[in-house]
Amino acid sequence: MRISFLQADFDALVELWNTFYPEEFKIDAQILRQNTVESPVFDWGASQIDVMDDVVQGFVALKQPAARLYSGPNKDVSHVSALAFREADSGIDLLAEAKGILRNRGQQILTFGADSRHFFPGCPSTAHTLCSFLMVEGFDNGGECFDLERDLADYEAPYPVPEGAIFRALDAGDSDGLTELLSKEFSGRWRYDVLEKVKVEGPSCVFGVFKGNELAGFSLIQDFTNKRPIGGGVWRGSLGEKWGSLGPIGVVASLRGKGLGHGLLGASLTELKNRGVRRCIIDWTGLTDFYGRHGFAVTRTYQAKSLRLGE
């Protein structure tokens, strides 16, 4: 029997999720709810749950294109945000129904992950059942990206503070400067995600670098006190009680190559350490060398997966 997410028992869905995915991807009901039905682009029509004898057999959660939230996304690309099943037949039927709905709407491409308020930037390499399933379903492979982690207990910033740079957490008086910086330099998803996060957590979830009185760069930092973890913070169940995360992070284009990036990263990680964070994650990146200089190592690997719906 198929039911909609309006009838979802999130504890039951999480039980299936945590059986289907490897240990490093364990989640809780709050995380599953906030990244599915609480997302403004959750696709209520294409997302379904398969139930038999009151037991969840599988579910698929889809997201619509994020083009109505921020600039950049392709309006013809939909996303499988999450998929889990006990038997392959359940997954096949759920995905087939979703693909039919999307084709009828005129959608052209379906990707696994990389959605707004995402779990996955691609298919996790250690989720072998899922990888095989998507291959059989005809999904094409794309590039790889990674999650990186390190324990901050012994972290010391490896680069000196650039001359004239001031690093600090933002406060309410910095709101206009942050909005201006993001609008000019980091429009699109970064701007949307950071400003939405500030609405929930307050401005101190953003760490800034100032040159004179001007905000010249930012990093989004999360810790275990946050109300709504996003990005790498969704893996808090694996990271441990004193979890933290960092990213996105960026400095203005005119000041890149002058050491501000490493300085901002070092100061941000030191701030997280001072807030009590131990295990810290930087998610969805290919910059393994840049972050590796601060002691971060790869813990999860993802491969982009996409399917042309017209074929």
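The text that follows walks through the structure, step by step, so that each part is easy to find. (Residues numbered from 1 in each chain as written. Predicted model: local features only at pLDDT ≥ 70, side-chain atom pairs only at ≥ 80, totals over all residues. Heavy atoms only, no water.)

This next bit is on the layout of surface pockets. Estimates place the volume of the largest pocket at around 560 Å³. In terms of lining residues, the largest pocket is bounded by 28 residues, among which His-118, Trp-190, Asp-193, Pro-248 and Asp-283 are the most central. Of the residues forming the lining of the largest pocket, the biggest block, six residues, is contributed by helix H6 (residues 189–201). The volume enclosed by the second largest pocket comes to roughly 240 Å³. Around the second largest pocket, the lining is made up of 15 residues, and of these Gly-177, Glu-180, Leu-181, Glu-214 and Leu-215 lie nearest the centre. When residues of the lining of the second largest pocket are traced back to their parent elements, those giving at least two are helix H5 (175–185), strand S9 (206–211) and strand S10 (214–223). Among the elements that take part in the lining of the second largest pocket, H5 stands out by supplying five residues, more than any other. (1 Å grid on protein atoms, 1.4 Å probe; cavity = no way out; pocket = protein on both sides within 12 Å on 5 of 7 lines; lining within 4 Å. Points joined across faces, edges and corners; volume = space filled by probe spheres on them. Helix = DSSP H or I, 4+ residues; strand = E, 2+ residues; numbered from the N terminus.)

Over its 18 residues, helix H3 (residues 88–105) runs 26 Å from end to end, which matches the ideal 26 Å to within 8%, given 1.5 Å per residue. Among the residues of H3, Ser-90, Gly-91, Leu-94, Leu-95, Ala-98, Lys-99 and Leu-102 are the ones counted as buried. The arc that holds every buried residue of H3, seen down its axis, measures 155 degrees, which confines them to one face. In this structure, H3 carries Asp-89 and Asn-104 as exposed residues pointing more than 90 degrees from its buried face. Gly-106 sits one or two positions beyond H3 and adopts a positive phi of about 90 degrees. (Expected span 1.5 Å × (residues − 1). Buried < 20%, exposed > 50% of the residue type's maximum accessible area, 1.4 Å probe, protein only. Arc of directions from axis to C-beta.)

Core analysis: the largest hydrophobic core is formed by 54 residues, its most contacted members being Phe-5, Trp-17, Tyr-21 and Trp-235. Looking at this core element by element, the count peaks at six residues for helix H1 (residues 10–20). Once residues lying within four places of it in the same chain are set aside, the contact partners of Tyr-21 are Leu-83, Ala-84, Phe-112, Phe-120, Ala-127 and Leu-130. Formed by 40 residues, the second largest nonpolar core is a distinct cluster that contains Val-206, Phe-207, Leu-260 and Tyr-291. (Core = buried A, V, L, I, M, F, W, Y, C linked by side-chain atoms within 4.5 Å. Contact = heavy atoms within 4.5 Å.)

On to unusual backbone geometry. Cis geometry marks the peptide bond from Gly-247 to Pro-248; its omega dihedral reads 5 degrees. If you trace the backbone, Pro-248 turns up in strand S11 (residues 244–251). Positive phi, close to 50 degrees, is recorded for Asp-53, a residue that is not glycine. With respect to the element layout, Asp-53 can be found in the loop between strand S2 (48–52) and strand S3 (55–63). Even without a glycine there, the phi angle at Asp-54 is positive, about 65 degrees. By the secondary structure assignment, Asp-54 is in the loop between S2 and S3. Assessed through its relative accessible area of 77%, Asp-54 is described here as exposed.

It is worth spelling out the pairing of strand S4 (residues 77–85) at this point. Counting buried positions along S4 yields nine of nine residues, so the element is predominantly enclosed. Judged from the six bridges that link them, S3 and S4 form a sheet pairing that is antiparallel. Along S4, the bridge assignment pairs Lys-63 with His-79. The sheet contact formed by S4 and strand S5 (residues 109–112) spans four bridges and is parallel. (Pairing = 2+ DSSP bridges.)

The topology assignment puts Asp-283 in strand S12 (residues 279–285). Arg-189 provides the closest opposite charge to the buried, salt-bridge-free Asp-283, at an N-O distance of 7.2 Å. In terms of polar contacts, Asp-283 uses its side chain to reach the backbone amide nitrogen of Gly-232, at 3.4 Å. Leave out the neighbours within four places in its chain, and Asp-283 touches His-118, Phe-146, Asp-147, Gly-231, Gly-232 and Leu-246. (Lys, Arg positive; Asp, Glu negative; His and termini not counted. Salt bridge = Lys/Arg side-chain N within 4 Å of Asp/Glu carboxyl O. Polar contact = N/O pair within 3.5 Å; in protein donor to acceptor, adjacent residues only side chain to side chain.)

Within the fold, Ser-175 resides in helix H5. Taking the relative accessible area as the measure of exposure, Ser-175 reaches 37% and is therefore partly exposed. A sequence separation of 28 residues divides Ser-175 from Pro-203, and the C-alpha atoms of the two residues are 7.5 Å apart.

Quick look at the environment of Trp-235 now. Following the sequence through the fold, Trp-235 ends up in the loop between S10 and helix H7 (236–239). When the C-alpha positions of Trp-235 and Ile-27 are compared, they lie 6.4 Å apart, and in sequence the two are 208 residues distant. If sequence neighbours within four positions are ignored, Trp-235 has contacts with Trp-17, Glu-24, Phe-25, Lys-26, Ile-27, Phe-119, Phe-120, Asp-147, Ile-281, Arg-300 and Tyr-302.

A few words on the environment of Leu-62. In this fold, Leu-62 is placed in strand S3. Separated by 51 residues in the primary sequence, Leu-62 and Gly-113 have C-alpha atoms spaced 9.1 Å apart.

Pairs may arise between side chains of opposite charge once their charged atoms sit close together. Per the counting criterion, the structure on display carries 23 salt bridges. Across the pair Arg-86 and Glu-15 runs a salt bridge, and its minimum N-O distance is 2.8 Å. With Arg-86 in the loop between S4 and H3 and Glu-15 in helix H1, this residue pair connects regions lying 71 residues apart in the sequence. For Glu-15, a relative accessible area of 39% translates into the label partly exposed. Of the charged contacts in the structure, one is a salt bridge between Lys-63 and Asp-115, with a shortest N-O distance of 2.7 Å. Taken as a pair, Lys-63 in strand S3 and Asp-115 in the loop between S5 and strand S6 (123–124) lie far apart in primary sequence, 52 residues in all. Taken as a pair, Lys-63 and Asp-115 share a single burial class, namely buried. What you see here is one network of salt bridges that share partners, running through Asp-147, Glu-149, Arg-279 and Arg-300.

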